[in-house]
Amino acid sequence: MKIKNVGFENIRITGGFWAEKQELIRNVSAINVYNRFDETGRIGAFACDWKEGMPKQPHFFWDSDVAKWIEGVAYILEQHPLPDLEAVCDEAIDDIVAGADENGYFNSYFLIFDEPKFSNRDRHELYCLGHLIEAAVAYKRATGKDKLLRAMCKYTDYVIKVFKEENSAGFATPGHPELELALMKLYKETGEKKYADLALHFIDLHGANDKDGKNLE
């Protein structure tokens, strides 16, 4: 017997408990999560203009929260076009793309506070990148819009430069097993083998570095 994977895009739940939950998420939860993110400052942080003394000081993993939301909305949009919800996503994506530096790097916390990039593994930069990549891939598949995907490709190319070509980061591997998964999704979406190679690079180095992610060699 041959087993074949069936992706969620080929599945429709038409009734019962889970259909009701999907409707609730689609019509209520999705925009309410966005509103909560806006209230707490997560959405506003993408403008990268926070100053000392202002309320809602950004946190270094906030970007991952919004990225997960964008990915979740993408899964909704793939089956249920909702122009108003898509427009809210587009605004957040516009801020991400506009806020990236010349290398494509984007992390609102680091851009606001101007801390040294890739110097402390516990600051979750690569974790946030992983979720931004997953959001970008999902959003492209759902809407056909590749603005975020192109931005994340540029950012990932910079990670390749820093971690593989220059070996200039303060640590060798991501602190979470998240970026490797995202890189494989990016490879499958773009066909660019360099992204799969980067995932393998990090996988091979796990266990060959100390607790802070620094290479032992």
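Refer to the structure printed above.
Here's a quick rundown of the structure. Per-chain numbering applies: the sequence of each chain, read as written, is numbered from 1 onward. Only residues with pLDDT of at least 70 get local features here, since the model is predicted, and only at 80 or more are side-chain atom pairs given and counted; chain-wide, interface and lining totals rely on the full set of residues. To get the side-chain values, all heavy atoms of the structure are used, and hydrogens and water are removed first.

1. Regarding the side chain of Glu 180
Logical step 1: Going along the chain from the N terminus, every DSSP run of H or I of four or more residues is numbered as a helix, and every run of E of two or more is numbered as a strand. Position of Glu 180 relative to the elements: it lies in helix H8 (residues 179-190).
Logical step 2: With a 1.4 Å probe rolled over the protein chains alone, any residue whose accessible area is under 20% of its type maximum counts as buried; one over 50% counts as exposed, and the rest are partly exposed. Lys and Arg are tallied as positive, Asp and Glu as negative. Neither His nor the chain termini are counted. We define a salt bridge as a side-chain nitrogen of Lys or Arg found within 4 Å of a carboxyl oxygen belonging to Asp or Glu. The charged side chain of Glu 180 is buried without a salt bridge, its nearest counter-charge being Arg 121 at 8.3 Å.
Logical step 3: For this analysis, a polar contact is any N or O atom pair within 3.5 Å, provided that within protein one partner can donate a hydrogen and the other can accept it, and provided that sequence-adjacent residues contribute only side-chain to side-chain pairs. A polar side-chain atom of Glu 180 sits 2.8 Å from a polar atom in the side chain of His 206.
Logical step 4: What makes two residues a contact is simply this: any of their non-hydrogen atoms within 4.5 Å. For Glu 180, the residues in contact, after removing those within four places along its chain, are Pro 174, Ala 199, Phe 202, Ile 203 and His 206.

2. Here's the deal with the packing of aromatic side chains
Logical step 1: Planes of paired rings set the category: under 30 degrees apart is stacked, over 60 is edge-to-face and the rest tilted, where pairs are Phe, Tyr or Trp rings (Trp by its six-membered ring) whose centres lie within 6.5 Å. Tallied over the full model, the rule gives 14 aromatic pairs.
Logical step 2: The interplanar angle of 75 degrees and the centroid separation of 5.7 Å between the aromatic rings of Tyr 109 and Phe 110 together place this pair among those described as edge-to-face.
Logical step 3: Three or more aromatic residues link up through ring pairs in this structure, and these residues are Tyr 105, Phe 118, Tyr 155, Tyr 158, Phe 163, Phe 171 and Phe 202.
Logical step 4: The ring centre of Tyr 105 lies 5.1 Å from the NZ or CZ of Lys 117, which sits over that ring. When the NZ atom of lysine or the CZ atom of arginine is within 6 Å of a ring's centre and also within 35 degrees of its normal, the charge is said to sit over that ring.

3. Looking at unusual backbone geometry
Logical step 1: The backbone phi angle of Phe 118 is positive, close to 50 degrees, even though this residue is not glycine.
Logical step 2: Under the relative-accessibility criterion, Phe 118 is labelled buried at 2%.
Logical step 3: Although it is not a glycine, His 124 adopts a positive phi angle of roughly 65 degrees.
Logical step 4: Mapped onto the elements, His 124 comes out in the loop between helix H5 (108-113) and helix H6 (125-143).

4. Some details on the layout of surface pockets
Logical step 1: The distinction between a cavity and a pocket rests on a 1 Å grid over the protein atoms alone: a 1.4 Å probe fits inside a cavity but cannot get out, while a pocket stays open yet meets protein on both sides within 12 Å along at least five of seven lines, and a residue with an atom within 4 Å of a point counts as lining. Grid points are joined across faces, edges and corners, and a volume is the space filled by probe spheres set on the points. A volume near 220 Å³ is recorded for the largest pocket.
Logical step 2: Residue lining of the largest pocket: Phe 8, Ile 11, Ile 13, Gln 22, Ile 25, Arg 26, Tyr 75, Ile 76, Gln 79 and His 80, and that is the complete set.
Logical step 3: Of the residues that constitute the lining of the largest pocket, the class distribution is six nonpolar, three polar and one charged. Gly is put with the polar residues, along with every residue not named as nonpolar or charged; the nonpolar set is Ala, Val, Leu, Ile, Met, Phe, Trp, Tyr, Cys and Pro, and the charged set is Asp, Glu, Lys and Arg.

5. A closer look at helix H1 (residues 17-40)
Logical step 1: The principal kink in H1, of about 45 degrees, is found at Ile 25.
Logical step 2: Every buried residue of H1 is accounted for by Ala 19, Arg 26, Ala 30, Tyr 34, Phe 37 and Thr 40.
Logical step 3: Those residues of H1 that are buried are in contact with helix H2 (42-45), helix H3 (62-79) and helix H4 (83-99).
Logical step 4: Downstream of H1 by one or two residues, Gly 41 has phi in the positive range, about 100 degrees. Bend is computed residue by residue as the angle between axes fitted to the seven residues ending at the residue and the seven residues starting at it.

6. So, the side chain of Asp 101
Logical step 1: Looking at the secondary structure, you find Asp 101 in the loop between H4 and H5.
Logical step 2: Here Asp 101 falls in the buried class, since its relative accessible area comes to 16%.
Logical step 3: Reaching out from Asp 101, the side chain makes a polar contact with the backbone nitrogen of Asn 103 at a distance of 2.8 Å.
Logical step 4: Residues within four places of Asp 101 in sequence aside, it is in contact with Leu 111 and Lys 117.

7. Remarks on a nonpolar patch on the surface
Logical step 1: A cluster of nonpolar residues, Val 6, Ile 11, Ile 13, Phe 17 and Trp 18, forms a patch on the protein surface that exposes about 540 Å² of accessible area.
Logical step 2: You can see Trp 18 is positioned in helix H1. In this analysis, a patch consists of residues with relative accessible area above 30% that form no salt bridge, clustered at 9 Å for like charges and at 5 Å for the nonpolar side chains Val, Leu, Ile, Met, Phe, Trp and Tyr. Here, Shrake-Rupley sampling with a 1.4 Å probe gives the accessible areas, and only protein chains in the shown set may cover a residue.

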